[in-house]
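Summary of the model geometry
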Amino acid sequence: MKTILTAYKKNGFALKNHIVMAPMTRSRAINNIPNDLMATYYSQRAGAGLIITEGTSPTPEGLGYPRIPGVYADEQIDGWKKITKRVHEAGSKIFLQLMHTGRIGHIDNLPEGSVLSGASAIRAAGQIYTDTAGMQDHSEPTALTTDGIKTIIEGYVQAAKNAIGAGFDGVELHAANGYLLEQFLNPNVNNRTDGYGGSIINRARLTVEVAEQVAAAIGKEKVGIRFSPFSTLGDLQAYDEAEVHETYTHLTKAMDQFDIQYIHISSNPGIPQKTFDTIRSNFSNTIILCNGFTAETAEDQLHKGFADLVAFGRSFLATPDFVTRIEKGHLLNQVDFATLYTPGEKGYIDYPTL
């Protein structure tokens, strides 16, 4: 039997297989509230040993995209309870990805009275979709004050507690793909001169403090984190290779010190082998690797010694019974890109199964 189909266990982390459903924004949470449609979507895909949900905002100010869910209000927690119940009934574990979008957003996508914020007052290039006026330029963010940063951290901690209250097995901190935590890491976006800017240690401080305090609040075994070294998503722009490498060496050592459950790497061709090596050598718990894998290439990856688990995005998006099709050797469905982020059932829960 293929390794990816066998049960996984490491340091008390037990899953029914080595397959992870990657987090994918789908924009079906009307009024930012998880709903029955989403419960069907996730339960359809519960063949995965671990499901990591779409990015979910810990606070109203982090809702940069239209129709993404939150986990800060009672009705949102109640909505998530339906989802975790159905996934658990299928024998899978589910972690909630906490994603504060920071400067990647538009004021029209935020609740009334909310302010788009970021590490610094540097607008991201490019545009973002809004339900009010279609594609618009990213709004200019307001630089967070030190008190504002403290409030952000408190928001993550409370959101993590809310997630556990909603029945999740844990949370994944989204420190990748150009969102708030990674915005602080990147010197092209973070021009602060206080304790959260300047040096590598200072720029990493927010991510480290969020991880430490969330782990203290809900338990280290219930915390994962996602990194995307050398990524330029979200108008981050590349910076010195040695500095990037040292940033993720520092972060990995901190995560190992906190003994969190896993690190999830969003891979890209720009990551040098030495950075993969430093992450693996400095982290003793589970590592998940994601981006562009097939069942065959994932199987190969598991034997190379870096990744313990492999995450799949588009494969699960279009093929709810992805795991069954691996077992039986069947072809996968094709993705309907036109319905990735549209509201409703089409391109969401209507993909055919065997």
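These remarks concern the structure in this document. Since this is a predicted model, take the numbers as computed values, not measurements. (Residues numbered from 1 in each chain as written. Predicted model: local features only at pLDDT ≥ 70, side-chain atom pairs only at ≥ 80, totals over all residues. Heavy atoms only, no water.)

Comments concerning the sheet that holds strand 13 (residues 286–290)
- With parallel pairing, eight strands are arranged side by side around a closed barrel as 3-4-5-10-11-12-13-14. Each neighbouring strand pair of the sheet contributes to a mean axis angle of 25°, computed without reference to strand direction.
- Where strand 5 (residues 93–98) meets strand 10 (residues 170–175), four bridges bridge the pair, whose relative direction is parallel. Each bridged residue has a counterpart across the sheet, and for F95 the counterpart in strand 10 is G170. (Pairing = 2+ DSSP bridges. Helix = DSSP H or I, 4+ residues; strand = E, 2+ residues; numbered from the N terminus. Axes fitted to C-alpha atoms, helices over the stretch in contact; angles between N-to-C directions.)

Some points on the packing of aromatic side chains
- Summed over all chains, the structure comprises twelve aromatic pairs.
- On the numbers, 4.2 Å between centres and 10° between planes, the contact of Y41 with Y348 is stacked. You can see Y41 sitting in helix 1 (residues 36–44) and its partner Y348 sitting in the segment after helix 11 (322–328), a full 307 residues away along the chain. Across the pair, Y348 and Y41 agree in class, each one buried.
- Aromatic ring contacts, followed pair by pair, group Y8, F13, F95 and Y262 into a single cluster. (Phe/Tyr/Trp six-rings, centres within 6.5 Å; stacked < 30°, edge-to-face > 60°. Buried < 20%, exposed > 50% of the residue type's maximum accessible area, 1.4 Å probe, protein only.)

Section: unusual backbone geometry
- The phi dihedral of N177 falls on the positive side, at around 60°, and the residue is not glycine.
- Among the residues examined, N177 registers a relative accessible area of 17% and is labelled buried.
- One non-glycine residue, D235, lies in positive phi territory at about 55°.
- On the secondary structure map, D235 appears in the loop between strand 11 (223–227) and helix 7 (241–258).
- With relative accessibility at 25%, the residue D235 sits in the partly exposed group.

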